[in-house]
4 protein chains.
Amino acid sequence: MSTYTPPFSSGPTAPAARLAEAEPTSLPKDSAMIIVMRHEASAKEIAEVVARVESRGFRVNISRGEERTIIGVIGDERPVDGTQFEVMDGVEKTVPILKPFKLASREMHPLDSLIPLDGMKVGGNRIAVIAGPCSVESREQILESAFAVKEAGAVALRGGAFKPRSSPYSFQGMGEKGLELLAEAREATGLPIVTEAMSPEQVGLVARYADVIQIGARNMQNYALLNTVGESGRTVLLKRGLSSTIEELLMSAEYILAQGNSRVILCERGIRTFEKYTRNTTDINAIPVIKQLSHLPVILDPSHGTGKWEYVTAVARAGIAAGADGLIVEVHPHPADAMSDGAQSLRPEKFAQLVVEVQRIAQAVGRS
Amino acid sequence: MSTYTPPFSSGPTAPAARLAEAEPTSLPKDSAMIIVMRHEASAKEIAEVVARVESRGFRVNISRGEERTIIGVIGDERPVDGTQFEVMDGVEKTVPILKPFKLASREMHPLDSLIPLDGMKVGGNRIAVIAGPCSVESREQILESAFAVKEAGAVALRGGAFKPRSSPYSFQGMGEKGLELLAEAREATGLPIVTEAMSPEQVGLVARYADVIQIGARNMQNYALLNTVGESGRTVLLKRGLSSTIEELLMSAEYILAQGNSRVILCERGIRTFEKYTRNTTDINAIPVIKQLSHLPVILDPSHGTGKWEYVTAVARAGIAAGADGLIVEVHPHPADAMSDGAQSLRPEKFAQLVVEVQRIAQAVGRS
Amino acid sequence: MSTYTPPFSSGPTAPAARLAEAEPTSLPKDSAMIIVMRHEASAKEIAEVVARVESRGFRVNISRGEERTIIGVIGDERPVDGTQFEVMDGVEKTVPILKPFKLASREMHPLDSLIPLDGMKVGGNRIAVIAGPCSVESREQILESAFAVKEAGAVALRGGAFKPRSSPYSFQGMGEKGLELLAEAREATGLPIVTEAMSPEQVGLVARYADVIQIGARNMQNYALLNTVGESGRTVLLKRGLSSTIEELLMSAEYILAQGNSRVILCERGIRTFEKYTRNTTDINAIPVIKQLSHLPVILDPSHGTGKWEYVTAVARAGIAAGADGLIVEVHPHPADAMSDGAQSLRPEKFAQLVVEVQRIAQAVGRS
Amino acid sequence: MSTYTPPFSSGPTAPAARLAEAEPTSLPKDSAMIIVMRHEASAKEIAEVVARVESRGFRVNISRGEERTIIGVIGDERPVDGTQFEVMDGVEKTVPILKPFKLASREMHPLDSLIPLDGMKVGGNRIAVIAGPCSVESREQILESAFAVKEAGAVALRGGAFKPRSSPYSFQGMGEKGLELLAEAREATGLPIVTEAMSPEQVGLVARYADVIQIGARNMQNYALLNTVGESGRTVLLKRGLSSTIEELLMSAEYILAQGNSRVILCERGIRTFEKYTRNTTDINAIPVIKQLSHLPVILDPSHGTGKWEYVTAVARAGIAAGADGLIVEVHPHPADAMSDGAQSLRPEKFAQLVVEVQRIAQAVGRS
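Residues numbered from 1 in each chain as written. Chains lettered and ligands numbered in written order. Predicted model: local features only at pLDDT ≥ 70, side-chain atom pairs only at ≥ 80, totals over all residues.

> Whenever I open this one, the overall build of chain A confuses me. Can you help?
Of the regular secondary structure elements, chain A holds twelve helices and 14 strands. Nonlocal contacts in chain A, meaning residues at least 24 apart in sequence, comprise 68% of its contacts between residues at least 6 apart. (Helix = DSSP H or I, 4+ residues; strand = E, 2+ residues; numbered from the N terminus. Contact = placed C-beta atoms within 7 Å.)

See below:
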């Protein structure tokens, strides 16, 4: 394991700046694709597809079966967009072969990235437990929470000042006042702060107060926001969208990395399925899958993953057992008074018990 | 049917401004909820729940069965958040009774809203067909598209200048240059323009060129953006998120309406399911459901709903048959050269055929 | 269009009987597959994969890119199972190229199959509307239903005698008594009967009474049942499982066809998604997709597809507009008294209105 | 914890036999429901609903808000079906309050059920690891597998003799010959046998050879099969359907329990979601949820839950960390030669490592 060295410096010549001009980037290499022809495709149709592939500067490899002809596209430095071939006569489908993310991939960066967080490194041997209330609600509430989670063993404090809420009539967060209270809590406890930015114009403000900027699930594909936090250089906690695939999560990380910001922590927080007994379905498979596909650290949010406090501790244990690098847990001193997410928030004493149980699991998998 | 009159004027005292201060709003009335106690709940636990309900200013209605006690919460002017009760001892679950959207609901506004679009009114008897390429790619391409869709019978031109793309290496749109070309196409053809804004800071720019600002599926819960287009007063085409429920779509519309902007057109564009033969699954049920729940017009996007041009016409017919007020269709003069979404774009001649077939369906359901 | 001629006669030498002996079948030809090697795969690993492919009797086509080697598998007469290669060292994934169904595919049988149903042919120009109650509940109820749906224009009577219910405490159907009542209703009205068989041992009994044996959504992958109705030779109405892909539906049809029974009618009846406002999500895309992939007729069940009677007519119209060959609709003379599915059952007068509206749509798409 | 005592003896008067006559059962008590009236419901409509409720023998509790009237239904001994009220004029929706399963519920049976399996008790302190190949393929293969998994620490041998396959052209299992080989493997190793029955008529045959009859995911709602294994009295391993809710799983267990067979082990094996990187999505939340809702033991199948052998061990650890009572794991001596599920099968040495890692987790959660 080693600290990840970003392949690009940020600045006016950063790749994303060039991308805005719609120029092909030089990042991906050898983006191969397979074009499957319909079984009734004519020789003329096949020839036209080959001609188009070659006119794009790719080489072809033709495989003729009894029923189908299959055309392999041998890329060079540029990505291939299959849709420009799918619309041609005689084409049945295209199959991408290479992964669409590069900077986030383990192939490009085989060693685990270690992201500094205060004294520790997320992605290393030690489990990072981040905890705190869903929203900052008052000075008393956030300070009480901060001291409680620190005492239980958390390494950072979470708390929302800007809250994305599905209803315009719900509490929308305290705004900058909340950020100030978080800064006060940091000063009082020494815990670094994790808090969310919801729009590009909030990033500068949030970055003045936060150690880690959280991108929430609803904003995982808010590309303007991803670019802005990428430019900020601040550590980013990127949560998986509630119906985003693992691949889409890694492509959203790619946006941030492409801006030259290599400090990205991924977060599995449950996906939307047909099961309604829990608020979301924790995709525990995503933990080993992400560790295999990417060098970035991944943590689990068992609070959103389940939506009910009764299940948070069991799923937190499962996350660490599956290989997650940490947890982010909602803790509130008085859940019944919480202005948001009370049902999935742990009381401080239950959180302390969670930490104890998680530590035992961490040791069982050779971590601390 | 009547034109919808917004219940609030926009401006510094608009409701959303007040909401930002986290004050309870006076909009919803009588927000009832049911609290189901666990069968082993003690009399003391029941009494504590009742006390908390009453301390919040609500009345209670207690129903004691042999196995369970059920507590009805009779609201007054304020919304009730069930989670503050779910965390109490002895509570099994809470069940919301009232719908969480108000301004978007048909109960509040029984007649269909009619949204002016150039000469016509979306939501009225005439079907609104919006068409054009996914992205603006060049002056020639957008003008050719505009003349073609106008000739076929479209009432507005769509085309993206800012494109949300899952990969940072994909074409991100022409930006303001694209908006200028759209304006030129409007001048040449007379067609009003529908184009997307992706972030709050783009809204002002987009509003200078667009007749209708589109909020894309990925941004359906980008609340900062919703508030900004709400304040803009410009007509908004709000697309359903690819894993958003119908209720969430209506709550996102509520954000815009709460800013005093009543010109909202909803758009069903397919949801994400396990089925992989099509890019998305068109939720045709959503058409009659939305027409029942809301007074806002709803149109269908069969291009994204299917993701393959072969199925677009059949699903377009289905949408109108189900009661949609219009369609938004991707049309490209040369789909194989499209820089995005070529696979789901119709050639102009196929689009012209679509319009003919859709007109027949429109007549069959008593529309034009 | 032509009547489908089954490629196999039923009997002791039917293909499925041979399949039971686990012999490779001679049905599929040229089952190609692509094997994508990991970018770090060694020459030795590649050679081992090639050797294994060839040892299975397939030819290979090797395409070497800068980052990956891709191995094409050129099949002969046998299907290829990708998993036997996925477990080899150095293999990243396998991609099937050919469709896994043959007898159900349009490639094998380009013309639409026409399935006789009483006087008409399902899959032909005329729309087939099948209607009746969810369950047979009494002599009076089924006769009243039969006369009502016949008068409204239905061509067959549906009604369940054996009911799959998620709870063991729910009404499980009248059993053989229900079949007798259906036979009486047929005699009284002349309508052919569509009714469900739930297990192989029921097939003989049901076949004595039913013109069409329905395989319910929960049993779409009950292979023993599929084989038995395949052997029966009776027309089968095969409903899509609530979370089955279109491909799986066609593979289940393949089970029946492989027994030599070519009389299969497919039915889209809604799939399970995250949307909870409706009981299921009607997959309207499935209609044109199935018509493209298969020669078998497909009908729509808007009653299960929506789960609420208010939406049934709109979605029925959509189904015919999308190209469905018919409908199966739940109609009950007194829905509030229905022992099952009352909420999605239409009253006879609403069903009559549905038929009128559907006829207008049928004419708009050139059918009757 | 205690051994579960079935509340009913099996035999001609077993409850399910009575249910078949469609008589109301006396099992559930106090089945309450809430009926929410539309806000425009008239006094007459409300009165009619109340009259219908009372005519069914239930008591009512009426709660009148400013916008809505809500009618509570106080049950007696019988279940209430909401749909008979939902179709009445003025009714908006019905909300069930009581859970639809009884015998499977922890409320009825607060202590964990312990299911004997050879010398041990599933659901007790010791983790039960069941392992073996997907299919029995040959004498050599099953014996080699049996010795390998026994040596690694498995407590039972799994192996399919009848295989449900989505394609009729795939290997369908060895049938009775496979059962005989399993019996031979039991004799050689002492391991009890877990194997699947796919249809009611196979149950008798399978029960002659198997210690535990497996009901596969595709058959979770094959009610004829559930009733038959219920009558058999043999221990049943009931796998969750790939798109079944937890509640539906418990209701399928209820079918077996209602036949007087209390020996049911539940199995979470992954659900179908939009994520395609893994074959299924392991619903890890289901483990603590099922432990809370039911007294029945629950085990995890990480092989089907992930579909790729690389992730099996991580997810197995997660399952035990979350509180599962055991695991069922696919192990094959030569996965590349497996006739089914090779891609998700572990080699014996990897399985041995899995057992070691799982034991560490078991100890970390206080089990063995």
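> Explain the packing of helix α11 (residues 309-322) of chain A against helix α12 (residues 348-364) of chain A to me, please; I cannot follow it from the model alone.
Angle between the axes and distance between the axes are the two parameters that describe a pair of packed helices. Residues and elements named next belong to chain A. At a minimum axis separation of 9 Å, α11 and α12 run at an interaxial angle of 25°. Relative to α12, α11 is oriented roughly parallel. α12 is crossed by α11, and the crossing has right-handed handedness. From α11, V312, T313, A316, R317, I320 and A321 reach across to α12, where they touch Q353, L354, E357, V358, I361 and A362. The residue inventory of the contact of α11 with α12, partitioned by class, reads eight nonpolar, two polar and two charged. (Axes fitted to C-alpha atoms, helices over the stretch in contact; angles between N-to-C directions. Parallel < 35°, antiparallel > 145°, perpendicular 65-115°, else oblique. Left-handed = near helix turned anticlockwise from the far one by under 90°. Nonpolar A, V, L, I, M, F, W, Y, C, P; charged D, E, K, R; others polar.)

> Help me out: how do you make sense of the sheet that holds strand β3 (residues 69-74) of chain B in this one?
In any sheet, the strands associate via hydrogen bonds between backbone groups, in a parallel or an antiparallel arrangement. All names here are of chain B. The strand order β2-β3-β1-β4 describes an open sheet built from four strands, whose pairing is antiparallel. Both edges of this open sheet fall to β2 (59-64) and β4 (91-96), since each of them pairs with a single strand only. Each strand of the sheet is rotated relative to its neighbour by a mean of 20°, with strand direction disregarded. As paired elements, strand β1 (residues 33-37) and β4 share five bridges and run antiparallel to each other. The residue of β4 that forms the bridge with M33 is P96. (Pairing = 2+ DSSP bridges.)

> Quick question: what am I supposed to make of the relation of the copies chain C and chain B here?
One chain copy maps onto the other through a rotation about an axis and a shift parallel to that axis. Rotating chain C by 180° about the axis while translating it 0.0 Å along that axis superimposes it on chain B, leaving an RMSD of 0.1 Å. Read as a symmetry element, the transformation amounts to a two-fold axis. Within chain C, A318 of chain C has its C-alpha nearest the rotation axis, a separation of 2.0 Å. Residue by residue, 100% of the interface of chain C is reproduced at the interface of chain B, so both copies engage with the same surface. (Least-squares fit on C-alpha atoms with pLDDT ≥ 70 in both.)

> Looking at this structure, how should I read the sheet that holds strand β14 (residues 326-330) of chain D?
All names here are of chain D. Spatially, eight strands are ordered β7-β8-β9-β10-β11-β12-β13-β14 in a closed barrel, and the strand pairing comes out parallel. Averaged over neighbouring strand pairs, the angle between their axes works out to 25° when direction is ignored. Pairing between strand β9 (residues 193-196) and strand β10 (residues 212-215): three bridges, direction parallel. Directly across from E196, in β10, lies its bridge partner Q214. On top of the sheet, helix α7 (residues 223-232) reaches β10 and β11 (235-239); it is set at about 170° to β10, its chief contact.

> Please explain the interface of chain C and chain D as it appears in this structure.
Frequently, the measure chosen for interface size is the accessible area removed from exposure when the parts meet. Each partner contributes to the interface: chain C provides 47 residues, whereas chain D provides 47 residues. Mapped by element, the contributors of at least two residues to the side of chain C that touches chain D are α1 (15-19), α3 (83-86), α6 (200-209), α7 (223-232) and α8 (246-258) of chain C.

> Quick question: what am I supposed to make of the pairing of strand β11 (residues 235-239) of chain B here?
Sheet faces and side chains relate simply in a regular strand, where the side chains alternate between the two faces. All names here are of chain B. Counting buried positions along β11 gives five out of five residues, so the element sits mostly inside the fold. The sheet contact formed by strand β10 (residues 212-215) and β11 spans four bridges and is parallel. Residue pairing in the sheet places Q214 in a bridge with L237 of β11. In this fold, β10 hands off to helix α7 (residues 223-232), which returns the chain to β11; that crossover is right-handed. Where β11 meets strand β12 (residues 264-268), four bridges bridge the pair, whose relative direction is parallel. For V236, the partnering residue across the bridge sits in β12 and is V264. (Buried ≥ 20, exposed ≤ 12 C-beta atoms within 10 Å, placed from the backbone. Right-handed = clockwise from strand over helix to strand, strands pointing away.)

> Can you help me understand the interface of chain C and chain B in this one?
Tallying the contact residues gives 35 residues for chain C and 35 residues for chain B. Among the elements of the structure, α8, α9 (286-293), α10 (302-306), α11 (309-322) and α12 (348-364) of chain C are those that each provide at least two residues to the side of chain C that touches chain B. If you tally residues by element for the side of chain C that touches chain B, the top one is α11 of chain C, at eight residues. Taken together, the residues of the side of chain C that touches chain B sort by class into 17 nonpolar, eleven polar and seven charged.

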